[in-house]
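Fold and contact review
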Amino acid sequence: MKKIAILMGSASDLKLVKPAAQLLASFGVSAETHVYSAHRTPEEATAFAKGARKEGFGVIIAAAGMAAHLAGAIAAHTTLPVIGLPLASRAFDGMDALLSTVMMPLGIPVATVGVDAAKNAALLAVEILAVEDGNLRERLAAYRQEQSDAVRQANQEIEKELNA
Ligand code: RP5
């Protein structure tokens, strides 16, 4: 099975990114996490992107806040799918990172999830690997079933409480 990389632009992003690593672990997917800054360690970020396919990665999640250029900078140096994870920060509550991540120029796409949507970034990465992996497809189906069951249960409890 291919590996998934989780990159973040600063150590200060870890709390927001950790749910992605935890979800990947729950699916039994091999993941590596690194701090690479598009602006402060561009050489390391570029070297990682250039070597990622050879190193066995199948998907790269790139998380950043503020002027969030990490996902685009990584995508510029690989043809692996890159999932951009914009992170909220003080000044603009994530809108800065969302627009910096999603508005890529023609030719270098970044699949961008919602602000702070670390679990969705991880699920999308698993879905990409699952194209070639039947076991992951089954685990995704089970995850969705559990999710739907929880929503139905919550609905029943609210209906019972408020519609009696
Ligand atoms: C981004 O700048 C990082 O991803 C982080 O979200 C933000 C602030 O970085 P620090 O000042 O916390 O290092 O590149």
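Provided above is the structure to which this section pertains.
The following paragraphs examine the structure supplied in this document.

What counts and how
- Residues numbered from 1 in each chain as written.
- Predicted model: local features only at pLDDT ≥ 70, side-chain atom pairs only at ≥ 80, totals over all residues.
- Heavy atoms only, no water.
- Near = heavy atom within 4 Å.
- Polar contact = N/O pair within 3.5 Å; in protein donor to acceptor, adjacent residues only side chain to side chain.
- Areas by Shrake-Rupley, 256 points an atom, 1.4 Å probe, with all protein chains shown as cover.
- Nonpolar A, V, L, I, M, F, W, Y, C, P; charged D, E, K, R; others polar.
- Core = buried A, V, L, I, M, F, W, Y, C linked by side-chain atoms within 4.5 Å.
- Buried < 20%, exposed > 50% of the residue type's maximum accessible area, 1.4 Å probe, protein only.
- Helix = DSSP H or I, 4+ residues; strand = E, 2+ residues; numbered from the N terminus.
- Contact = heavy atoms within 4.5 Å.
- Axes fitted to C-alpha atoms, helices over the stretch in contact; angles between N-to-C directions.
- Left-handed = near helix turned anticlockwise from the far one by under 90°.
- Phe/Tyr/Trp six-rings, centres within 6.5 Å; stacked < 30°, edge-to-face > 60°.
- Lys NZ or Arg CZ within 6 Å of the ring centre and 35° of its normal.

1. Comments concerning the site of the ligand
All residues adjacent to the ligand are G9, S10, S12, D13, R40, A64, G65 and M66. Within the side chain of S12, an N or O atom sits 2.6 Å from an oxygen atom of the ligand. At a separation of 2.9 Å, an oxygen atom of the ligand approaches a polar side-chain atom of R40. When the ligand is considered free in solution it has 360 Å² of accessible area, and contact with the protein chains removes 72% of it. By residue class, the composition of the shell around the ligand is two nonpolar, four polar and two charged.

2. Overview of the nonpolar core
Formed by 27 residues in total, the largest nonpolar core has its most connected members in I4, V29, I61 and L85. Elements represented by at least two residues in this core include exactly β1 (3-8), α1 (14-26), β3 (57-65), β4 (82-87), α5 (118-130) and α6 (134-162). When residues of this core are assigned to their parent elements, the largest contribution, eight residues, is made by α5. In this structure I4 touches L24, V29, S30, A31, E32, F57, V59, I61, A125, V126 and L129, once residues within four positions along its chain are discounted.

3. Here's the deal with the packing of α1 against α5
Across the interface, α1 lies against α5 with an axial gap of 7 Å and an inter-helix angle of 35°. Here α1 and α5 pass one another in a crossing that is right-handed. For the pair α1 and α5, contact is made by L16, V17, P19, A20, L23 and L24 and by A118, K119, A122, L123 and V126, respectively. Across the contact of α1 with α5, the residue classes tally to 10 nonpolar, no polar and one charged.

4. Remarks on the side chain of S89
For S89, the position within the fold is in the loop between β4 and α4 (95-102). Excluding residues within four positions of it along the chain, S89 makes contact with M66, G94 and D96.

5. Regarding the packing of aromatic side chains
The full count for this structure, using the stated rule, is three aromatic pairs. A centroid spacing of 5.6 Å and a plane angle of 45° characterise the contact between F27 and Y143, whose relative ring orientation is tilted. Highlighted residues: F27 in the loop between α1 and β2 (31-35) and Y143 in helix α6, separated in sequence by 116 residues. Geometrically, the ring pair formed by Y36 and F48 is tilted, given 5.6 Å between the ring centres and 45° between the ring planes. Of this pair, Y36 sits in the loop between β2 and α2 (42-51) while F48 sits in helix α2, and the two are 12 residues apart along the sequence. Exposure class is identical for Y36 and F48. Each is buried. An aromatic cluster is built from Y36, F48 and F57, whose rings are joined through pairwise contacts. Between K3 and the ring centre of F57, over which it is positioned, the NZ or CZ distance is 4.3 Å.

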